[in-house]
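The residues making up each chain are set out below.
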Amino acid sequence: MKIYMIQRRLILPYLILSGILLILINSCSARKSSGKAGEAKPAVPVRVATAVMKDVPLKIHAIGNVEAFSTVALKSRAEGQLLRVYFKEGQNVRKGDLLFLIDPRPFEEAVKQAEAVLARDLVQLENAEADLKRYEELLKEELVPRQQYDRIRTNVESLRAIVKADRAQLENAKLQLQYCYIHSPIDGLIGSILVHPGNMIKPNETTMAIINQITPVYVTFHIPEHELLRIKKAMEKRKLKTEAHLQGSEDHVEIGELTFINNTIDQTTGTIMMKATFPNRNMILWPGQFVDVFLEVEVRKNSVLIPSRAVQIGQQGQYVFIVKPDNTVELRPVLAVILSENEAIVEKGIDAGEVVVTDGQLRLTPDAIVEIKKDAG
């Protein structure tokens, strides 16, 4: 009995101490748990943009090739030696400017010969007509036979025909002389000199230079055939605005209008060729150049516009994250039309003035708190 009481006295302090330690441990665990439960989740950094309402043109994009409005290959209509060139390569020329001179001396001699022949035959004609008048008087008085009068009259008619042929020959000689002076038939930009002075020129064979008219200028491009009906309907209402953007430079944009639709579809590519005409007053567009063409077929009034990178694709379709006034986000389904890498029209789901997330969507969940970051600059 005495031994039992001693053991009881020794165990009791240990039990009390163990109870105190257990209470302390539970208290620390409760504090730690309550601390985790009350700790706020960190805000997700995002970039945002505000949906705006404006009129948005819908455009069809294609790659176009610049073509000269008209092209003239200069060839001589006279044969001879090229004496002189009156222009510099790459120069702008006006219609009527003198460009080449072919040796005119042989043609000048031909003109003089034709003039001499005409003068000789005119004298003969005048004498024959004077004889005809005298014979007419003699015939009235029956002093000459009718047969002799008829021969004089026939001779006059023959000489008149000869004089007429002489005049035609003289005009042709003058025309051949004019061909020695080669003038520009159009306004345009002349290219390289293909034949230099001293060379012999054959008529209608040697190309001497090429002139391209580039004010205005054409841009040729191809559109998928399924867009043809929409374009034709739009053309019935108005002229279709066309933009030509220089590749690699967004600052240079030329404005023109669609002026030609080809009469057949290319069955190999399923496209149809079209042409737009551009004034090109500053000569920005150059024949042979490739440009980005944007054909405006429709203007949607009062459309809601957001950056296209705000539109996400999920299992249920398109959606965006909307930033609410308390800086939490809402996942909202939308119906959007992507116009370009920068713009999208929202047909359903967003109103103008709402704020959408454009960057940082991967870390977002509904009702997540966000921190709006500003772009540098």
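Criteria and cut-off values
- Here the residue index of a chain counts from 1 through its sequence in written order.
- Only residues with pLDDT of 70 or above have their local features reported here, since the model is predicted, and side-chain atom pairs are shown and tallied only from 80 upward, although totals for entire chains, interfaces and linings are computed over all residues.
- Side-chain measures here rest on the full set of heavy atoms in the structure, leaving out hydrogens and waters.
- Strands are runs of DSSP state E lasting at least two residues, helices are runs of H or I lasting at least four, and both sets are numbered from the N terminus onward.
- Relative accessibility decides the category of a residue: with a 1.4 Å probe and only protein chains considered, values under 20% of the type maximum give buried, values over 50% give exposed, and everything between is partly exposed.
- The criterion used for residue contact is that any of the two residues' heavy atoms lie within 4.5 Å.
- Here, Shrake-Rupley sampling with a 1.4 Å probe gives the accessible areas, and only protein chains in the shown set may cover a residue.
- Pairing of aromatic rings covers Phe, Tyr and Trp, the last through its six-membered ring, and needs centres within 6.5 Å; plane angles under 30 degrees mean stacked, over 60 mean edge-to-face, and all others mean tilted.
- Put simply, a charge is over a ring when the Lys NZ or the Arg CZ is close to the ring centre, within 6 Å, and near the line of the ring normal, within 35 degrees.
- Remark: nonpolar core denotes a set of buried residues (Ala, Val, Leu, Ile, Met, Phe, Trp, Tyr, Cys) joined through side-chain atoms within 4.5 Å.
- We score Asp and Glu as negative and Lys and Arg as positive, and we do not count His or the chain ends.
- A pairing counts as a salt bridge when a side-chain nitrogen of Lys or Arg comes within 4 Å of a carboxyl oxygen of Asp or Glu.
- Values of pLDDT, the confidence the predictor places in each residue, fall between 0 and 100.
- When DSSP finds two or more bridges between two strands, those strands count as paired.
- Take the number of residues in a helix, subtract one, and multiply by 1.5 Å to get its expected span.
- Lines are fitted to the C-alpha atoms to define the axes, a helix being fitted only along its stretch in contact, and any angle between axes, read from their N-to-C directions, falls within 0 to 180 degrees.
- Each angle receives one of four descriptions, namely roughly parallel if under 35 degrees, roughly antiparallel if over 145, roughly perpendicular if within 65 to 115, and oblique otherwise.
- Definitions for this section: a left-handed crossing has its near helix turned counterclockwise from the far helix by less than a right angle. A right-handed crossing has that turn clockwise.
- Charged means Asp, Glu, Lys or Arg here, nonpolar means Ala, Val, Leu, Ile, Met, Phe, Trp, Tyr, Cys or Pro, and polar covers whatever is left, Gly included.

*Asks:* Got a minute to help me understand the overall build of the chain in this structure?
*Replies:* A tally of helices and strands in the chain yields 4 helices and 20 strands. Residues classed as buried in the chain amount to 33% of the 377 residues present. Pairs at least 24 apart in sequence give 76% of the contacts found in the chain among residues at least 6 apart. Of the roughly 24500 Å² that the chain leaves accessible, carbon and sulfur atoms contribute 53%.

*Asks:* Help me out: how do you make sense of the packing of aromatic side chains in this one?
*Replies:* The relative placement of two aromatic rings is captured by the distance of their centres and the angle of their planes. As enumerated under the stated definition, the model contains 3 aromatic pairs in all. Relative to F321, the ring of Y319 lies with its centre 5.8 Å away and its plane at 90°, an arrangement referred to as edge-to-face. When the ring centre of Y218 is taken as origin, the NZ or CZ atom of K275, which lies over that ring, is 4.9 Å away. Here the guanidinium or amino end of K275 rests over the ring plane of F260, the centre of that ring lying 5.9 Å away.

*Asks:* Please clarify how the nonpolar core should be interpreted in this entry.
*Replies:* In a soluble, globular protein the nonpolar side chains are often hidden away together inside. In terms of nonpolar packing, the biggest core is built from 37 residues, with L82, F87, L99, F100 and I190 touching the most fellow members. Mapped onto this core, the elements with two or more residues apiece are β3 (80–85), β5 (98–102), α2 (105–140), α3 (146–178) and β9 (207–224). No other element matches the 9 residues that α2 contributes to this core. Among residues more than four places away in sequence, those in contact with F100 are L74, L82, R84, V85, Y86, F87, C180, Y181, I182, V195, M208 and A209.

*Asks:* In this structure, what is going on with the side chain of E254? I would like to understand it.
*Replies:* In this structure, E254 sits in strand β11 (residues 253–266). Notably, E254 is buried but unbridged: the nearest opposite-charge side chain belongs to R281, and the N-O separation is 7.0 Å. Filtering out sequence-adjacent residues up to four positions away, E254 remains in contact with T242, E243, A244, F278, N280, I284 and L285.

*Asks:* Whenever I open this one, the confidence of the model for the chain confuses me. Can you help?
*Replies:* Interpreting fine coordinate detail is not advised for predicted regions of low pLDDT. On average, residues of the chain score 86 in pLDDT, and 88% of them are at 70 or above. The model gives residues 1–10 a pLDDT under 50, and that stretch makes 0 contacts with residues more than four places away or in other chains. In this model residues 30–38 is a low-confidence stretch, pLDDT under 50, and it forms 0 contacts with partners more than four residues away in sequence or in other chains.

*Asks:* In this structure, what is going on with the sheet that holds β5? I would like to understand it.
*Replies:* Within a sheet, adjacent strands bond to each other through the backbone by hydrogen bonds, running parallel or antiparallel. Reading across from one edge, β6-β5-β3-β8 is the order of the 4 strands in this open sheet, with antiparallel pairing throughout. One side of each edge strand has no neighbouring strand; the edge strands of this open sheet are β6 (181–183) and β8 (200–201). Of the strand pairs in this sheet, β3 and β8 are connected by 2 bridges, and their pairing is antiparallel. Within the sheet, the bridge partner assigned to Q81 lies in β8 and is M200.

*Asks:* Got a minute to help me understand the pairing of strand β15 (residues 317–323) in this structure?
*Replies:* Looking down a regular strand, the side chains alternate between one sheet face and the other. Extensive coverage of β15 is indicated by the burial of 6 of its 7 residues. Bridge analysis of strand β14 (residues 312–314) against β15 gives 3 bridges, and the strand direction is antiparallel. Bridged to Q312 within β15 is Y319. When β15 meets strand β16 (residues 329–333), the two strands line up antiparallel, connected through 5 bridges. In the sheet register, F321 faces β16, and the bridge partner there is L331. The turn joining β15 and β16, which pair antiparallel and follow one another in sequence, is formed by 5 residues; a positive phi near 65° is taken by N327.

*Asks:* How should α3 be read in this particular structure?
*Replies:* Every α-helical turn comprises 3.6 residues, leaving residues that sit three or four positions apart pointing alike. The end-to-end C-alpha separation of α3 is 48 Å, in line with the 48 Å expected for 33 residues at 1.5 Å each. Of the positions making up α3, those classed as buried are Y149, V156, L159, V163, D166, L170, A173 and L177. In this structure, the buried residues of α3 make contact with α2 and β6.

*Asks:* Sorry if this is basic, but what is going on with the packing of α2 against α3 here?
*Replies:* Two packed helices can be described by the angle between their axes and the distance between those axes. Closest axis-to-axis distance for the α2/α3 pair is 8 Å, and the angle between their directions is 160°. Considering their axes alone, α2 and α3 lie roughly antiparallel with respect to each other. Of the two possible hands of crossing, α2 and α3 adopt the one that is left-handed. Taken together, the residues that form the contact of α2 with α3 break down as 21 nonpolar, 5 polar and 12 charged.

*Asks:* What's the story with the pattern of salt bridges in this structure? I'm lost.
*Replies:* Any two side chains of opposite charge can pair, so long as their charged atoms come close to each other. Evaluated as defined, the whole model comprises 22 salt bridges. For the salt bridge of E109 with K112, the shortest nitrogen-to-oxygen distance reads 4.0 Å. Taken together, the residues E109 and K112, both in helix α2 and 3 residues apart, mark about one turn of the helix. Classification of E109 by relative accessible area gives partly exposed; the value is 42%. Here D150 ties to R146 by a salt bridge, and the two come within 3.7 Å at their closest N and O atoms. With a gap of 4 residues between them, D150 and R146 both fall in helix α3, about one helical turn apart. A residue is classified by how much of its surface remains accessible, and D150, at 26% relative accessible area, is partly exposed. When salt bridges with common partners are traced through the structure, they connect K59, K241 and E243 into a single cluster.

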